[in-house]
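Take a look at the letters that make up each chain.
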Amino acid sequence: MFLEGKKLLYPYVKYSLYGIIVWSVILFFYGEISWVKYILSPFYQILKEGAVMGNLPLWFLASLFVAKLMYNTICSQKYYLTLLFLCIIAAYILDVTNCNYIVWFGNILSGLFFLGMGHLLKDVQYKKIVFIISMLFYVAYLSIPSLFSNVDMRANHCNHGYYLLYVLGSLSGIL
C-alpha cells in the first residue's frame, strides 16, 4: 500500500501546491488581500471538494487512494459483496438527498463499488455470452437517449437520467 500512496499521493500533493500557487496569483490579480483566502481556503477546499481551486481534477487521485485503502479492508470481510452494494446504495442516497457538503463521500463510495465489482467480474468478462450481453447493453445504453444517464462522479450527482441506469451502464462498460 506504500507504493500506492507514493503513486497517488505524491502527485496529488505536488500538483496541489502548483494549484495553490496558480489560485493565489489569480486572487492577487483580482485584488484579494485577505490572508484567509491564501492560507486557510486551500485546506478547506481540500476537505470539502477533494482538491484546491487551482487544480480541481486532482480530486480523482485522493478519492482513488481512499477507495483503495477501504477496498483492501473490505475485500477480506465475510460479507464483501453486501458491503459493496451498501456502498452504492449509500452513494445513491447521497445523490437523491442532495447531500453534498463533503463531496468525497459519494465519489469514494461509488468508486469503492466499481473497484470491487471490477475485481469480482474480472474472471467472467472473458466468457463469450457475458461479453455479448454486456456489449449489447452498453451500446444500447450509450445510443438510446432515454437510457443514457449523466453522472458527475466528483460530486456524485446525476445531472440527467437515472442513477441506477448509470450504475448498470458503468458495470457493462467495466465488462
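Residues numbered from 1 in each chain as written. Predicted model: local features only at pLDDT ≥ 70, side-chain atom pairs only at ≥ 80, totals over all residues. Heavy atoms only, no water.

(A) Just unusual backbone geometry, in detail. Look at Asn98: it is not a glycine, yet its phi comes out positive at around 55 degrees. Topologically, Asn98 is positioned in the loop between helix H4 (80-96) and helix H5 (104-121). Taking relative accessible area as the criterion, Asn98 reaches 49% and is therefore assigned partly exposed. Not every positive phi belongs to a glycine, and Asn156 is a case in point at roughly 50 degrees. Note on placement: Asn156 falls in the loop between strand E1 (150-152) and strand E2 (157-160). (Helix = DSSP H or I, 4+ residues; strand = E, 2+ residues; numbered from the N terminus. Buried < 20%, exposed > 50% of the residue type's maximum accessible area, 1.4 Å probe, protein only.)

(B) Quick look at the pairing of E2. Inspection of the sheet shows E1 paired to E2 by three bridges, in the antiparallel sense. In the strand pairing of E2, Asp152 is matched with His157. If you look at the hairpin formed by E1 and E2, you'll find four residues sitting between the two strands, and Asn156 has a positive phi there, around 50 degrees. (Pairing = 2+ DSSP bridges.)

(C) Focus on the confidence of the model for the chain. Residues at a pLDDT of 70 or more form 98% of the chain, whose mean pLDDT is 86. Ranking the helices and strands of the chain by mean pLDDT puts H4 first, with 92, and helix H2 (residues 35-49) last, with 81. (pLDDT = per-residue confidence, 0-100.)

(D) Broad picture of helix H3 (residues 59-74). Here H3 contains 16 residues, and its C-alpha end-to-end distance of 22 Å stays within 8% of the 22 Å for a straight helix at 1.5 Å per residue. Within H3 the residues assigned to the buried category are Trp59, Ala62, Ser63, Phe65, Ala67, Tyr71 and Ile74. (Expected span 1.5 Å × (residues − 1).)

(E) Looking closely at the packing of aromatic side chains. One pass over the full model with this rule turns up 10 aromatic pairs. Seen from their ring centres, Tyr15 and Tyr18 are 5.6 Å apart, and the 65 degrees between their planes marks the pair as edge-to-face. Residue Tyr15 and its partner Tyr18 are located together in helix H1 (residues 2-29), separated by three residues, close to a single helical turn. On the accessibility criterion, Tyr15 (35% relative accessible area) is partly exposed. Put simply, the rings of Phe85, Tyr92, Phe113, Phe114, Tyr163 and Tyr166 pair up and form one aromatic cluster. (Phe/Tyr/Trp six-rings, centres within 6.5 Å; stacked < 30°, edge-to-face > 60°.)

(F) Highlighting the nonpolar core. Within the largest apolar cluster, 21 residues are counted, with the highest numbers of intra-cluster contacts made by Phe113, Tyr163, Tyr166, Val167 and Leu171. Elements with a minimum of two residues in this core: H3, H4, H5 and helix H7 (163-174). Per element, the largest residue contribution to this core is six residues, and it comes from H5. Those residues in contact with Phe113, other than ones at most four positions away along the chain, are Leu84, Phe85, Ile88, Val167 and Leu171. Counting nine residues, the second largest nonpolar core, distinct from the first, contains Tyr12, Leu58, Trp59 and Val103. (Core = buried A, V, L, I, M, F, W, Y, C linked by side-chain atoms within 4.5 Å. Contact = heavy atoms within 4.5 Å.)

(G) Looking closely at a nonpolar patch on the surface. A cluster of nonpolar side chains, contributed by Leu81, Phe85, Leu86, Ile89, Tyr92, Ile93, Val96, Leu120 and Leu164, occupies part of the molecular surface with about 800 Å² of accessible area. Sorting elements by how many residues they give to the nonpolar patch places H4 first, with seven residues. Of note, Phe85 is situated in helix H4. Judged by relative accessible area, Phe85 falls into the partly exposed class, the value being 38%. (Patch = residues over 30% accessible without salt bridge, like charges linked within 9 Å, V, L, I, M, F, W, Y side chains within 5 Å. Areas by Shrake-Rupley, 256 points an atom, 1.4 Å probe, with all protein chains shown as cover. Salt bridge = Lys/Arg side-chain N within 4 Å of Asp/Glu carboxyl O.)

(H) Representation of the side chain of Ser110. Its place among the elements puts Ser110 in helix H5. With relative accessibility at 0%, the residue Ser110 sits in the buried group. Dropping the residues within four chain positions of it, Ser110 is found in contact with Ile88, Ala91, Met153, Asn156 and Tyr163.

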